[in-house]
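Observations on the model geometry
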Amino acid sequence: MVNKVNYLRIATEEAFLTQDVLKGYMRLLDDASFQDPGFRSLWGFYGKHQSPRAKFIHESLLDLGAKRIADMDASGIDHQIIALTAPGVQVFQPAEASALAVDANDQLAEACRRYPTRYTGMVCVAPHDPDNAVKEMERGIKKLGFKAVIINSHTLGHYLDEPQFEPVLAAAEALNVPIYLHPQTPPPSMIKPFLDAGLDGAVFGFGSETGLHMLRIITGGVFDRHPKLQFIIGHAGEALPFWLYRLDYMHGATVRSQRYPFMKPLKHPVSHYLRNNVYITNSGVAWQPAIEFCQKVIGVDRVLYAMDYPYQYVPEEVGFCDAMTIPDADKKAFFEGNPRRVFKLDI
Ligand code: 1DF
Ligand code: MN
């Protein structure tokens, strides 16, 4: 039973998949020369496994129609902000990646036209094909009506603070849209101890890798170069809010001691960028202590609701968030006000 509440519930990290991208994933899984143990672990499971979890997620990802709407209604979700699921097109070589991105964006835009009050899209891009990525961002935002860009963390082991991605960052800043830095599995250079213990997926590998990525973006000076650029990270900020005090102290101490010649001083402490250039969603963390902590240390206006459908489709969790003992205005900001403002929704 869904609670009656005086706010819309806008879920901001919701996933879908096209048949063509899935076919591409299956082809990579069958190609012995494609060496990415994280991808094999993730899509070997969701692509082929026969467990109820894998089958429910596989089927739900491919549906942008009546089934998804019914699941939203059953869990009290008024609106989904939807993106191509991880790792998006970022595992394909650049030309194929860009072509699949265009097609996935067209399919998502079509669904948003069919359900304008229920869906909003994020543009998916191939960051390793930066000229086409910029073109697709412009098309996605200006022509398709999407409100953000999705990037599934590293691209074939490369991170957004590296210079080849500068045009993508500049385009997001110029278009005045946020980049959702969504997790994926750690790259081959990082994954072994995670995979050996079965911890490479959303249980811990995702957060470790994406938290590291967000931190690299900050310490690499991206926001000193692009002060208006905004990122969004899920999973209660991939643990970075909890590290804030230590990050400020240790980053400052490391830079002052000139331990790494390439590590340049930033204009501000690390915490400044998390409070001015980063939004946080609670995807997968329907837990008041963590949500309240993020609101307290990052700001009530920077923490947004997300369910992570279909990966964490747990209708009761919506009720946990409704029941949070925080001020009503803060709850309304979390579920509705912040998503409306950050994604410039016109619903
Ligand atoms: C999982 C979780 C997979 C999330 C996801 O995309 C994902 C999972 C492939 O449980 O394997 O988006 N998530 O964000 O927590
Ligand atoms: Mn997710």
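Everything discussed here concerns the structure shown above.
A brief report on the enclosed structure follows. Please read all numbers here as calculations on a predicted model, not as lab measurements.

1. Some words on the packing of helix α1 (residues 19-30) against helix α5 (residues 94-114)
Where α1 contacts α5, the two axes come as close as 9 Å, and the packing angle between them is 145 degrees. Contacts from D20, V21 and R27 of α1 reach α5 at E96, L100, D103 and Q107. Among the residues forming the contact of α1 with α5, the class breakdown is 2 nonpolar, 1 polar and 4 charged.

2. Quick word on the site of ligand 1
The full set of residues close to ligand 1 is E13, L42, Y46, R53, T85, A86, H182, A202, F206, H235, D308 and Y311. Contacts to ligand 1 include R53, whose side-chain N or O atom sits 3.0 Å from an oxygen atom. Side-chain polar atom of D308 to a nitrogen atom of ligand 1: 2.4 Å apart, as the coordinates give it. Relative to its unbound accessible surface of 360 Å², ligand 1 loses 93% to contact with the protein. Grouping the amino acids of the shell around ligand 1 by side-chain chemistry returns 6 nonpolar, 3 polar and 3 charged.

3. What about the pairing of strand β7 (residues 278-281)?
Of the two faces of β7, the one holding V278 and I280 and the one holding Y279 and T281 are both buried throughout. The pairing of strand β6 (residues 231-233) with β7 spans 3 bridges and is classified as parallel. Across the sheet, F231 pairs through a bridge with V278, a residue of β7. Bridge count between β7 and strand β8 (residues 303-304): 2 bridges; the pairing is parallel. Directly across from T281, in β8, lies its bridge partner L304. Where the polypeptide runs from β7 across helix α14 (residues 288-298) and back to β8, its parallel neighbour, the crossover connection is right-handed.

4. Let's talk about the environment of M307
Within the secondary structure, M307 sits in the loop between β8 and α15 (315-322). Considered as a pair, M307 and G44 are 263 residues apart in the sequence and their alpha carbons are 24 Å apart. The contact partners of M307, leaving out residues within four places of it in the chain, are A11, E14, S75, I77, G284, Q312, Y313 and V318.

5. Considering a nonpolar patch on the surface
On the surface, L199, V203 and F204 cluster together into a nonpolar patch covering about 290 Å² of accessible area. Along the chain, L199 turns up in the loop between α8 (192-196) and α9 (205-219). L199 sits in the partly exposed class, given a relative accessible area of 35%.

Parameters at a glance
Residues numbered from 1 in each chain as written. Chains lettered and ligands numbered in written order. Predicted model: local features only at pLDDT ≥ 70, side-chain atom pairs only at ≥ 80, totals over all residues. Heavy atoms only, no water. Axes fitted to C-alpha atoms, helices over the stretch in contact; angles between N-to-C directions. Helix = DSSP H or I, 4+ residues; strand = E, 2+ residues; numbered from the N terminus. Contact = heavy atoms within 4.5 Å. Nonpolar A, V, L, I, M, F, W, Y, C, P; charged D, E, K, R; others polar. Near = heavy atom within 4 Å. Polar contact = N/O pair within 3.5 Å; in protein donor to acceptor, adjacent residues only side chain to side chain. Areas by Shrake-Rupley, 256 points an atom, 1.4 Å probe, with all protein chains shown as cover. Buried < 20%, exposed > 50% of the residue type's maximum accessible area, 1.4 Å probe, protein only. Pairing = 2+ DSSP bridges. Right-handed = clockwise from strand over helix to strand, strands pointing away. Patch = residues over 30% accessible without salt bridge, like charges linked within 9 Å, V, L, I, M, F, W, Y side chains within 5 Å. Salt bridge = Lys/Arg side-chain N within 4 Å of Asp/Glu carboxyl O.

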